[in-house]
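If you want the building blocks of each chain, they are given just below.
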Amino acid sequence: MAYPSIAIPGQPLGLSSQYASGPGTHVQNAHICASILGPVVEYAQDTKASSGKTRDSPPPVLSVQRSAQLVSNDAALTNVLPEVDAVVLARVTRINPRQATVAILVVGETVCSDEFQGLIRVQDVRATEKDKVKIFSSFRPGDIVRAQVISLGDQSNYYLSTAGNHLGVVMATSDGGNTMYPISWKEFKDPVTGVTESRKVAKPF
Amino acid sequence: MALSPLVLPGDPIPPGALPTSSNPSIPLKLGPGLRHIPPDRIVPVVAGELCIDHKKNAVWVETNGGRYIPTAGDLILATVHHSTSDSFSCSISPHTPFASLPHLAFAGVTRKTRPQLNPGSLVYARIALANKHMDPEIECVNPATGKSDGMGELKGGMLFDVSLGMSRRLMMPNPSAQGSMVILDEIAEKVPFEMAVGRNGRVWVDAEGVAKTLVVGRAIQETDEGNLGVDEQRKVAKRLLRDL
């Protein structure tokens, strides 16, 4: 069955017996269907080295490309969607005694074309003494945070965690407007005024 | 007391105005209304009188009016608006976000015995957390000692609104000497009453009967509105007590 060159969401592209489902597609009623709007590409799967058993080569992969990937012709470009256990960089947009709302800017090494919203709940800020965490002493709006995705969450938010030495605030601006540098796992220092502010700091190296 | 200089935001401070403490080891303390621009500039950011305390080596700008800005550590009068699963939402000043008062932030309370505060109740509380990024949080217990320190629900009585400057004068350690507030001493000779002052511009008064409560409340409000001096306060006190 010839697949269309441009697919709209929900459009069947091929049989799931003949093709494998790649990024931008899903399987429904034994058909590979497009999930997003975009051009359809087919490419061969990377055949893993099998241990002597002769098998048929795995079926080709059908995928629908996102507009951000059209810049490069590499069909096997990594997806810019955050996955579970991905390390992301995000900017804190809002804080609340129970959670911090962040805008995910970078997934892994790729900058996202548009931001995703994430939540860091108060029990996911630190690994130890989770009930004594104060969000105001861990994050402030405007901080850049390195976090790990723990759940794809619901319709509006990914769930992130900064429980880990390498996770936490990477860049912060002081109340006086100057960029601060980290001095310990819980403090940033403003070099101009000398004032320290508390944050949950990520290990810089 | 010498007339304190009036300053406007951004004015340079006259050099003789800064306190010169006899003890040079005490650092200069900047109070509300002043900002330090490193390395050596002190600039007022509000309009008002520049006040100095030589003993404590402190300088600040005294202004009256405007809205109350919640600051951690202030004692305030809050009205309970509604209750959520783990806190009360209380109003500190009108048309501002509610402050949250946790159910467990009271003296001698456990998960089984929760305080019963209906919407509309008045509480005397301390601000635990206040910053520009989040809604304020208040508490009715001292977290270090677990004692209530006079905080908690206020039953009966009546609430009066006063300016922020008046509530600061009432909360001074010696209002009659430091803040020229003699009217309450005059009234207290004839009318016994109980009073609680919040820094958010609210005063709660409780006396025997509505008439006496109103006398005390009106006394404070008239002193505030008219900016009355000591003699005028005595006249007002006489007039209000005579009408009782």
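Everything quoted here is computed from the prediction, not taken from an experiment.

Some words on the overall build of chain A
- In terms of helices and strands, chain A carries 0 helices and 16 strands.
- Counting all 205 residues of chain A, 36% fall into the buried class.
- Within chain A, counting contacts between residues at least 6 apart in sequence, those at least 24 apart form 49% of the total.

Points about the UniProt feature "domain: Exosome complex exonuclease Rrp40 N-terminal" (unreviewed entry) in chain B
- Those residues carrying the UniProt feature "domain: Exosome complex exonuclease Rrp40 N-terminal" (unreviewed entry) are residues 28-67 of chain B in this numbering.
- End-to-end, the C-alpha atoms of residues 28-67 of chain B are 28 Å apart, and along that stretch the chain is 0% helix and 52% strand.

With respect to the side chain of B:Glu137
- Considering the arrangement of structural elements, one finds B:Glu137 in strand β11 (residues 134-139).
- Sequence-distant contacts of B:Glu137, that is, excluding residues within four places in its chain, are made with A:Pro97, B:Ser100, B:Arg126, B:Ile127, B:Ala128 and B:Leu129.

Focus: the domain arrangement of chain A
- The domain boundaries assigned to chain A delineate domain 1 (6-70) and domain 2 (87-198).
- Using C-alpha coordinates to define each centre, domain 1 of chain A is positioned 36 Å away from domain 2 of chain A.

Details of the environment of B:Glu186
Residue and element names in this part refer to chain B.
- Looking at where Glu 186 falls in the secondary structure, it is placed in helix α3 (residues 183-190).
- Sequence spacing of Glu 186 and Tyr 68 is 118 residues, and the spatial spacing of their C-alpha atoms is 29 Å.
- Setting aside residues no more than four positions away along its own chain, Glu 186 makes contact with Arg 234, Ala 237 and Leu 241.
- For Glu 186, the side chain forms a polar contact with the side chain of Arg 234, separated by 3.0 Å.

Looking at the side chain of B:Glu139
- By the element assignment, B:Glu139 lies in strand β11.
- Setting aside residues up to four positions removed in sequence, B:Glu139 forms contacts with B:Leu101, B:Ala105, B:Ala125, B:Arg126, B:Ala128 and B:Met151.

Considerations on the state of the cysteines
- Applying the stated criterion to the full structure yields 0 disulfides over all chains.
- Cysteine B:Cys140 is unpaired, with the sulfur of B:Cys90 as its nearest cysteine sulfur at 7.8 Å.

Overview of the nonpolar core
- If you look at the biggest cluster of nonpolar residues, it comprises 30 residues, and the most contacted ones within it are A:Val88, A:Ile95, A:Ile104, A:Ile120, A:Phe139, A:Val145 and A:Leu160.
- Residues within four places of A:Phe139 in sequence aside, it is in contact with A:Val92, A:Ile95, A:Ala100, A:Ile120, A:Val125, A:Val145, A:Thr162, A:Val169 and A:Arg199.
- Counting 25 residues, the second-largest nonpolar core is a separate cluster that includes B:Leu117, B:Tyr124, B:Ala125 and B:Trp204.

Some thoughts on the sheet that holds strand β1 (residues 6-7) of chain A
Residue and element names in this part refer to chain A.
- Read across the sheet, 4 strands follow the order β1-β6-β7-β3 without closing on themselves; strand pairing throughout is mixed. The sheet is open, and its two edges are formed by β1 and β3 (20-21), each paired on a single side.
- Pairing of β1 with strand β6 (residues 38-43) involves 2 bridges; the strand directions are antiparallel. Its bridge partner being in β6, Ile 6 is matched across the sheet by Pro 39.

So, the confidence of the model for chain B
All names here are of chain B.
- Per-residue pLDDT for chain B has a mean of 89; in total, 98% of the residues score no lower than 70.
- Of all helices and strands in chain B, the one with the weakest mean pLDDT is helix α2 (residues 175-178) (80), whereas strand β7 (residues 75-83) scores best (96).
- Two numbers describe this predicted complex: its pTM, 0.77, and its ipTM, 0.77.

A short note on the UniProt feature "domain: S1 motif" (unreviewed entry) in chain A
- Using the residue numbers shown here, the UniProt feature "domain: S1 motif" (unreviewed entry) corresponds to residues 83-163 of chain A.
- Helix makes up 0% of residues 83-163 of chain A and strand 52%, with an end-to-end C-alpha separation of 17 Å.

Comments concerning the packing of α3(B) against helix α5 (residues 230-242) of chain B
All names here are of chain B.
- Contact geometry for α3 and α5: axes closest at 9 Å, N-to-C directions at 30°. Classed by the angle they form, the pair α3 and α5 counts as roughly parallel. Along this stretch, α3 crosses α5, giving a crossing that reads as right-handed. Together, Ile 183, Glu 186, Ile 187 and Lys 190 of α3 and Gln 233, Arg 234, Val 236, Ala 237 and Leu 241 of α5 make up the contact between the two elements.

With respect to the environment of A:Ile144
Residues and elements named next belong to chain A.
- Relative to the helices and strands, Ile 144 is located in strand β11 (residues 144-151).
- Residue Ile 144 is classed as buried on the basis of its relative accessible area, which comes to 19%.
- Between the C-alpha atoms of Ile 144 and Val 170, which are 26 residues apart in sequence, the distance is 5.6 Å.
- If near-sequence neighbours (up to four positions away) are discounted, Ile 144 is found in contact with Ala 90, Arg 91, Gly 168, Val 169, Val 170 and Met 171.

A look at the packing of helix α4 (residues 210-226) of chain B against α5(B)
Residues and elements named next belong to chain B.
- Running from N to C, α4 and α5 point in directions that differ by 155°, and their axes come no closer than 10 Å. One way to sum up the angle between α4 and α5 is to call them roughly antiparallel. For α4 against α5, the interelement crossing comes out right-handed. Along the contact surface, α4 presents Val 215, Arg 218, Ala 219, Glu 222 and Thr 223, while α5 presents Gln 233, Val 236, Arg 239 and Leu 240.
- Per-class residue counts for the contact of α4 with α5 are 4 nonpolar, 2 polar and 3 charged.

Thresholds, definitions, all that
- Think of each chain on its own: its residues are numbered from 1, step by step along the sequence as written.
- Both sets of labels track the order of writing: A upward for chains, 1 upward for ligands.
- In keeping with the predicted nature of the model, local features appear solely for residues at pLDDT of at least 70, side-chain atom pairs appear and are counted solely at 80 or more, and the whole-chain, interface and lining totals rest on all residues.
- Excluding hydrogens and water, the side-chain figures rest on all heavy atoms present in the structure.
- Helix numbering and strand numbering both begin at the N terminus, where a helix is a DSSP run of H or I of at least 4 residues and a strand a DSSP run of E of at least 2.
- Throughout this description, buried means an accessible area under 20% of the type-specific maximum (1.4 Å probe, protein chains only), exposed means over 50%, and partly exposed covers the range between.
- Contact between two residues is taken to exist if any of their heavy atoms lie within 4.5 Å; hydrogens are not considered.
- UniProt positions are given in the numbering used here, feature names are shortened, and annotations may be inferred rather than shown by experiment.
- Each domain's extent was defined by an automatic or database domain assignment.
- Residues adjacent in sequence count toward polar contacts only when both atoms are side-chain atoms; beyond that, a polar contact is any pair of N or O atoms within 3.5 Å, and within protein one must be able to donate a hydrogen and the other to accept it.
- Two cysteine sulfur atoms form a disulfide, by the criterion used here, when they sit within 2.5 Å.
- In plain words, nonpolar cores are sets of buried Ala, Val, Leu, Ile, Met, Phe, Trp, Tyr and Cys residues tied together by side-chain atoms within 4.5 Å.
- In this scheme, strands are said to pair when DSSP sees at least two bridges between them.
- Every residue gets a pLDDT, meaning the predictor's confidence in that residue, from 0 to 100.
- Where helices are involved, their axes are fitted lines through C-alpha atoms of the stretch in contact, as for all axes, and angles between N-to-C directions lie from 0 to 180°.
- With respect to orientation, any angle under 35 degrees is reported as roughly parallel, any angle over 145 as roughly antiparallel, any angle of 65 to 115 as roughly perpendicular, and every other angle as oblique.
- Crossing handedness follows the turn of the near helix against the far one: under a right angle anticlockwise gives a left-handed crossing, and clockwise gives a right-handed one.
- Each residue is assigned to one class: nonpolar for Ala, Val, Leu, Ile, Met, Phe, Trp, Tyr, Cys and Pro, charged for Asp, Glu, Lys and Arg, and polar for all the others, Gly among them.

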